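This is what each chain is made of:
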Amino acid sequence: MQYPLFSQEPYRTFRKTVRDFVVEEIEPHVDQWERQEHFPNELLKLMAGKNLIGVSLPKDKGGQGLSFWHEVILAEELAKSKLVGWAMSYLAHTNMALPLLVKLASPKQQADILMPAVKGEFYLSLAATEFQNGSDLVSTKTEAVLQGDKFLVSGEKKYITNGSVAKYLITLVRTKSDKNIWSLGLLLVPTDVDKIGITKLKTSGLKTSDTAEIKFLQCEIPKDYILGGSQRGFYYLLNGLMRERLMGAVALNTLAEQVLEQTITYLKDKVRFSEPLSRKQVIRHRVAELASRLEAAKQFTYNVCAGFEKEEQVDQEIIMLKIYCYETSQDIIKECVHLFGAEAFMQNHWLARIYKDSQAFTLAAGTSEVMRDLLAGMMRL
Ligand SMILES: Cc1cc2nc3c(=O)[nH]c(=O)nc-3n(C[C@H](O)[C@H](O)[C@H](O)COP(=O)(O)OP(=O)(O)OC[C@H]3O[C@@H](n4cnc5c(N)ncnc54)[C@H](O)[C@@H]3O)c2cc1C
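Residues numbered from 1 in each chain as written. Predicted model: local features only at pLDDT ≥ 70, side-chain atom pairs only at ≥ 80, totals over all residues. Heavy atoms only, no water.

**Q** Would you mind going over the overall build of the protein with me for this structure?
**A** Of regular secondary structure, the protein possesses 11 helices and 10 strands. Here the C-alpha atoms of the protein give a radius of gyration of 21 Å, agreeing with the 21 Å that 2.2 N^0.38 yields for 381 residues. Summarising its shape, the C-alpha atoms of the protein cover approximately 80 × 45 × 40 Å along the three principal directions. In the protein, which comprises 381 residues, the share counted as buried stands at 54%. Within the protein, contacts between residues at least 6 apart in sequence are counted, and of these 73% link residues at least 24 apart. As presented, the protein carries roughly 17600 Å² of accessible surface, and 52% of it is formed by carbon and sulfur atoms. (Helix = DSSP H or I, 4+ residues; strand = E, 2+ residues; numbered from the N terminus. Rg over C-alpha atoms; globule rule 2.2 N^0.38 Å. Buried < 20%, exposed > 50% of the residue type's maximum accessible area, 1.4 Å probe, protein only. Contact = heavy atoms within 4.5 Å. Areas by Shrake-Rupley, 256 points an atom, 1.4 Å probe, with all protein chains shown as cover.)

**Q** Please clarify how the site of the ligand should be interpreted in this entry.
**A** In the neighbourhood of the ligand, 18 residues make up the surrounding shell, with T129, S135, T161, T367 and E369 lying closest. Interatomic distance of 2.8 Å between a backbone N/O atom of A128 and an oxygen atom of the ligand. Separating a nitrogen atom of the ligand from a backbone N or O atom of Y159 is a distance of 2.9 Å. At the level of elements, β1 (123–127), β3 (150–161) and α11 (368–378) are the ones that each hand at least two residues to the shell around the ligand. (Near = heavy atom within 4 Å. Polar contact = N/O pair within 3.5 Å; in protein donor to acceptor, adjacent residues only side chain to side chain.)

**Q** Please clarify how the nonpolar core should be interpreted in this entry.
**A** Nonpolar side chains in soluble globular proteins tend to end up buried together. Ranked by internal contacts, the top residues of the largest apolar core, which has 121 residues, are I26 and W86. In terms of residue count, helix α7 (residues 233–269) provides more of this core than any other element does, 16 residues in total. Apart from residues no more than four positions distant in its own chain, W86 is found in contact with I26, F39, L43, M47, L78, Y123, T208 and S209. (Core = buried A, V, L, I, M, F, W, Y, C linked by side-chain atoms within 4.5 Å.)

**Q** What should I look at first to understand the pattern of salt bridges in this one?
**A** Opposite charge on two side chains permits them to pair, given that their charged atoms come into close proximity. Under the criterion given, the structure shown has 19 salt bridges. A salt bridge links R19 to E27; the nearest nitrogen and oxygen atoms lie 3.2 Å apart. On the accessibility criterion, R19 (27% relative accessible area) is partly exposed. Here E27 falls in the partly exposed class, since its relative accessible area comes to 30%. One salt bridge connects K200 with D210, and the closest N-O pair in it is separated by 3.7 Å. With K200 in strand β6 (residues 196–200) and D210 in the loop between β6 and β7 (211–222), the pair connects residues that are 10 residues apart, well separated along the chain. A relative accessible area of 2% places D210 in the buried class. Connected through salt bridges with shared partners, the residues R15, R19, E27, E76, E77 and K80 form a single ionic network. (Salt bridge = Lys/Arg side-chain N within 4 Å of Asp/Glu carboxyl O.)

**Q** Which parts of the structure should I look at to understand the packing of helix α4 (residues 68–80) against helix α8 (residues 281–309)?
**A** How two helices pack is summed up by the angle between their axes together with the distance between the axes. One way to put it is that α4 packs onto α8 with a least axis distance of 9 Å and a crossing angle of 145 degrees. Here α4 contributes F68, W69, V72 and E76 to the contact with α8, which in turn contributes Y302, C305, A306, F308 and E309. Partitioned by chemical class, the residues of the contact of α4 with α8 number seven nonpolar, no polar and two charged. (Axes fitted to C-alpha atoms, helices over the stretch in contact; angles between N-to-C directions. Nonpolar A, V, L, I, M, F, W, Y, C, P; charged D, E, K, R; others polar.)

**Q** Help me out: how do you make sense of unusual backbone geometry in this one?
**A** For residues besides glycine, phi is generally negative; the peptide bonds are generally trans as well. With an omega dihedral of 5 degrees, the bond running from E9 to P10 counts as a cis peptide bond. Along the chain, the position of P10 falls in the segment before α1 (11–26). In this model, E311 sits at a positive phi of 60 degrees, which is unusual for a non-glycine residue. When you line up the elements, E311 lands in the loop between α8 and α9 (315–340).

Any functional reading would require information that these geometric values do not contain.
Written as C-alpha cells, this is what we have:
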C-alpha cells in the first residue's frame, strides 16, 4: 500500500529525480564497486550537484529547505540500488553528522565545515564506539584534556563509518574525569591533524562502506572545535542517533521489499516437481507471512516519520522501529536466500552479498539487545 502523500506533487517529481540519478550514476556500477570493495568519493559531489544532500536542511545552512519526507524518498530510492554499504556511508553523513552540525555548529564551524560538507566536498563521520566499551558509551575512555586554548585528545575509536574517508570526525570524548554523561562532549577532529592513526578495517559485509579504527595519540585540537559545549555531548549524540535510526528503518524496509519482490518473481518462474515454486503451499504461506510483516514495518515507519516531521516526541517509537524493522528486514533477507536455493549461496550473487550486509543491521546504531533494554527503560519497566 503506497503512503498517500507520495502520490502528490512535488513528491512524485522529486522521486523521479532521485530515481534517475540512481539509474544513471549508481546502478551500472554496483557490481564493480562491490568487487573493488570501494566507492568513488566523487559520488557525494555528484549528488550535491543534483541538490541531493541536505535536502531537508534549512537554506541558510546550505540545505534545500524541503520537508523531511524528501529525505524519506531519497533513502528509499537509494536503497533500491542495493548498494547497501555506500547507502550507510551516505546516511551517516547526511542524517547523522549534518543535522548535528546544523544544531550545534558555531557560525565559523558552519562556514568552514557544514557548508562545504553539504556541497559534497568531503564526508563527515561520527566516532563514538570504542572496542573496550562497545555499547556502553557512558564508559567512553577517549579523553580531551583542556590545556590553554587546545584540547589534547588521546584514546581509540573502532568500527567508525566513513572514518578513513572523512575530513572531520565528530568524536565523543570525555572532557572531565567523572564517569557520567555530563562529562562527555562532541569534538570536531580534523583527520589531517598530527598524531592521529586511521586504519580502514576489513569487514565481512557492507564492503562499499568505509569502516575504520582511529587512534588519537595526544592530538592537539583547538578549544573552539567543541560542538555545543563540553558537557552535553552524550545528550546530543543520543538525539542525533534517533534520526539516523529512523532513516535506517526507511532504507531497510525498501531494501527488504526489493529482495522480496525479486524473490517472488523468481519463485513464479522456477518450476520444481511440475509447477512453479510459488504454487507450493508451504512456500506461499512463508511469502505471505513475510509480506505481512514488511507491510506492518512500512506503515509503522511512515507513521513515525509523520510524527518526526511534526517534531512530536517519537523517541520511544523510533527505538521500536530500530528493533522491529531492522530485525524484520534481516529475517526477510535470510528467508529469501533460502527460497532462492543454492544459487544465492554463490559468492558473487547479489542476494548472498546483501545477506552478509544484513548481519550488521542489528549491531550498528545500537544492538537489538541494548535497544530492548532502552525501550524497557522508556516504558518505565
Ligand atoms: C557496520 C557498522 C558500522 C558502524 N558505524 C559506527 C559509527 O559510524 N560510529 C560509531 O561510533 N560506531 C559505529 N559502529 C559501532 C556500533 O555502534 C557498535 O557495534 C554497537 O554499539 C555495539 O558495540 P559492540 O559491537 O562493541 O558490541 P558489544 O557492546 O560488545 O556487545 C556484544 C554483544 O553483547 C550484547 N550486549 C551488550 N550490552 C548488553 C546488555 N546491556 N544487555 C544485553 N546484551 C548486551 C550486544 O547486543 C551484542 O550482541 C558500527 C558498527 C557496525 C557493525
